[in-house]
Amino acid sequence: MSQTTVERGTDKATEAQSEDGQPKRSPFERMGLTGTALSVANWLSVIAAIYVLITAVNVIGSGFKIATGDQAEDLFSFASNPLVGLMIGVVATALTQSSSTTTSVTVGMVAGGMPLNVAVPIIMGANLGTTLTNTLVSLGMVRDKEQFRRGFAAATVHDFFNLLAVIIFLPLEMIFGLLESVATAVADATVGSDVTVINAIFEGIGAVVSGATEPLASGIEFVLSFLPETWQGIVMILVAIGLILLVINFIGKMLNILMVGQAKKVLHTAIGRGPVTGIASGTVITVMVQSSSTTTSLMVPLAGSGVFTLKQIYPFTLGANIGTTITALVSAFAFEGVEATAALTAAMVHLSFNVFATLVIYGLPFLRNIPPMGATWLANVAAERKIYAVIWAVGVFLVLPLILIFATTVF
């Protein structure tokens with residue numbers, strides 16, 4: 001085989017890896033690793049990144065305790081209004097472009113003493129804020145009117161579904177504490193005081209993970225111990241958030257390299273076979289690539305080009321909502337004992353919210369059609385006047401939440 005042919009083959013492989021617009025070359029590939037050695041190095045780096053993620057969540061819990069002492073509840077009194085907590089979750093996720101970061105940080109803070117009733121709306125807000133990414137992706141099709149119409153509808157059906165989920169479940173949470181009750185029951189049964197087989201398994205896993213991550217977490221705490229106590233805790237939280245942002249971004253990129261081909265096979269095999277299959281495939285693919293933003297953003301260009309219809313995309317995005325909860329569940333293993341119960345409760349809030357929202361909204365015919373109808377209407381408006389697409393993206397995810405936070409806390 002000639003050198004030119006080899007080069008062409010390499011170019012084709014590179015093109016295939018980059019077809020979704022994200023870099024697909026592993027850093028270890030640039031170092032000269034190939035074949036099995038490259039695959040092993042890629043997977044080991046993912047494992048190492050997950051280790052750092054869990055450690056960072058542990059550091060947030062410790063830092064939050066140090067910074068607040070016994071005043072955690074007083075510190076978050078400003079967010080006792082559920083609307084403020086919701087908007088904090090929306091803005092934080094919109095700015096970091098990662099609901100996994102927001103929920104992981106929230107899990108750590110709950111373990112460190114943040115009241116669960118404050119955390120629940122933040123987690124709901126994170127679920128809503130994560131939909132901004134695929135909305136922004138759809139703006140890339142703005143030059144082709146019909147393609148943009150289809151792509152923007154596919155992107156915003158996620159927005160409308162999560163908005164409807166919040167409209168339904170936030171009042172239920174405020175009145176009945178529905179999600180908190182369910183999440184607490186599951187967490188108590190899993191890592192609570194009652195000794196069961198499941199309890200023993202989870203306690204054992206938690207003890208191993210916590211023991212493994214403790215040296216690095218303690219090291220970070222020791223390095224910053226020269227600071228005054230409150231500032232030590234604050235800096236620990238900031239360092240841990242920085243680490244979480246870095247490793248979640250890294251994990252997403254590496255799993256894209258390792259799994260996106262498999263994800264696309266699942267996608268093309270399962271999508272269009274029915275709503276249950278669509279939801280299941282969305283869940284599986286999101287767990288595989290560790291990013292609901294990546295999963296749903298993959299769908300937007302395919303919808304824009306007409307490969308999949310809005311009806312086919314819709315259940316898939318609901319599965320992406322469920323799949324993205326895995327990061328918070330993994331983060332909960334950073335803790336033991338009472339802290340583990342609190343952390344797992346926060347993680348289970350995220351999972352139960354998305355599962356219940358899917359069952360209620362998609363399961364009831366009179367609710368099921370609201371998100372696609374809203375998305376279709378908005379896409380038709382935005383296709384005629386592109387400025388409305390920008391107003392929607394910036395207004396819903398940044399301007400309106402910030403105004404509501406300011407108005408609620410000041411007045």
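Residues numbered from 1 in each chain as written. Predicted model: local features only at pLDDT ≥ 70, side-chain atom pairs only at ≥ 80, totals over all residues. Heavy atoms only, no water.

Per an unreviewed UniProt entry, the recorded name for the chain is Na/Pi cotransporter family protein, and the organism is Auritidibacter ignavus. Under the heading Subcellular location (unreviewed entry), UniProt records this for the chain: "Cell membrane". (UniProt positions renumbered as here; feature names shortened; annotations may be inferred.)

(A) Quick peek at the overall build of the chain. What the chain contains, in helices and strands, is 20 helices and zero strands. The buried share of the chain, taken over its 411 residues, is 49%. For the chain, the proportion of contacts with a sequence separation of at least 24, taken over those separated by at least 6, is 79%. (Helix = DSSP H or I, 4+ residues; strand = E, 2+ residues; numbered from the N terminus. Buried < 20%, exposed > 50% of the residue type's maximum accessible area, 1.4 Å probe, protein only. Contact = heavy atoms within 4.5 Å.)

(B) Structural view of the side chain of T101. Within the secondary structure, T101 is located in helix α6 (residues 99-111). Other than its neighbours up to four places away in sequence, T101 contacts T96, I244, L245 and I248.

(C) Broad picture of the packing of aromatic side chains. For the coordinates displayed, the defined rule picks out five aromatic pairs. Geometrically, the ring pair formed by F160 and W392 is stacked, given 5.2 Å between the ring centres and 20 degrees between the ring planes. Placement of the pair is F160 in helix α9 (residues 145-176) and W392 in helix α20 (residues 387-410), with a sequence separation of 232 residues. Assigned by exposure class, F160 and W392 land together as buried. One aromatic cluster is present, built from ring pairs that chain together F161, Y314 and Y362. (Phe/Tyr/Trp six-rings, centres within 6.5 Å; stacked < 30°, edge-to-face > 60°.)

(D) Region of interest: helix α10 (residues 178-191). Helix length check: α10, at 14 residues, gives a terminal C-alpha distance of 20 Å against a target of 20 Å (1.5 Å per residue), a fit within 8%. All of the buried residues along α10 are L179, A183, A187, T190 and V191. Down the axis of α10, the smallest arc covering the buried residues is 65 degrees, so these residues share one side. (Expected span 1.5 Å × (residues − 1). Arc of directions from axis to C-beta.)

(E) Inspection of the pattern of salt bridges at higher detail. Taken as a whole and judged by the stated rule, the model has three salt bridges. Between E384 and K145 there is a salt bridge whose closest N-O contact spans 2.9 Å. Highlighted residues: E384 in helix α19 (residues 370-384) and K145 in helix α9, separated in sequence by 239 residues. Assessed through its relative accessible area of 35%, K145 is described here as partly exposed. Between R149 and E146 there is a salt bridge, and its shortest N-O distance comes to 3.1 Å. In this pair, R149 and E146 both sit in helix α9, three residues apart, roughly one turn of the helix. Three or more residues are tied together by salt bridges with common partners; here these are K145, E146, R149 and E384. (Salt bridge = Lys/Arg side-chain N within 4 Å of Asp/Glu carboxyl O.)

(F) Up close: the nonpolar core. M114, M124, F152 and I244 are the most contacted members of the largest nonpolar core, which has 93 residues in total. Per-element tally for this core: the top contributor is α9, with 12 residues. In this structure, I244 is in contact with L53, A56, V57, I60, T101, S104 and V105, ignoring residues within four places of it in sequence. Judged by nonpolar contacts, the second largest core, of seven residues, contains I285, M299, F308 and I313. (Core = buried A, V, L, I, M, F, W, Y, C linked by side-chain atoms within 4.5 Å.)

(G) How the structure looks around the confidence of the model for the chain. When pLDDT is averaged along the chain, the result is 80; 83% of the residues meet or exceed 70. Here residues 1-23 scores under 50 on pLDDT; set against residues more than four positions off or in separate chains, the count is 12 contacts. (pLDDT = per-residue confidence, 0-100.)

(H) The arrangement of the environment of L329 in detail. If you trace the backbone, L329 turns up in helix α16 (residues 326-331). Separated by 21 residues in the primary sequence, L329 and H350 place their C-alpha atoms 9.0 Å from one another. In this view, L329 contacts L344, A347, M348 and L351; residues no more than four positions away in its chain are not counted.

(I) Up close: the packing of helix α14 (residues 292-304) against helix α15 (residues 310-323). Between α14 and α15, the least distance of the axes is 9 Å, while the angle of their chain directions is 170 degrees. Taken as axis vectors, α14 and α15 run roughly antiparallel relative to one another. Within the contact between the two elements, α14 uses S292, T295, T296, M299 and A303 and α15 uses I313, F316, T317 and A320. The residue makeup of the contact of α14 with α15, split by class, is five nonpolar, four polar and no charged. (Axes fitted to C-alpha atoms, helices over the stretch in contact; angles between N-to-C directions. Parallel < 35°, antiparallel > 145°, perpendicular 65-115°, else oblique. Nonpolar A, V, L, I, M, F, W, Y, C, P; charged D, E, K, R; others polar.)

(J) Molecular detail of the side chain of Q232. Following the sequence through the fold, Q232 ends up in helix α12 (residues 229-270). Its relative accessible area of 9% is what places Q232 among the buried residues. In contact with Q232, not counting residues within four places along its chain, are I66, E221, L224, S225 and L227.

(K) Quick peek at α9. With 32 residues, α9 extends 45 Å from end C-alpha to end C-alpha; this agrees with the ideal 46 Å at 1.5 Å per step. A bend of about 25 degrees at T156 is the largest found in α9. By the N-cap criterion, in which a side-chain oxygen at the helix start approaches the backbone nitrogen of a residue two or three places on, α9 is capped by D144, the distance to E146 being 3.3 Å. (Bend = angle between axes of the 7 residues up to and from the residue. Polar contact = N/O pair within 3.5 Å; in protein donor to acceptor, adjacent residues only side chain to side chain.)

(L) Spotlight on the environment of L402. You can see L402 is positioned in helix α20. The spatial distance from the C-alpha of L402 to the C-alpha of V84 is 9.2 Å, given a sequence separation of 318 residues.

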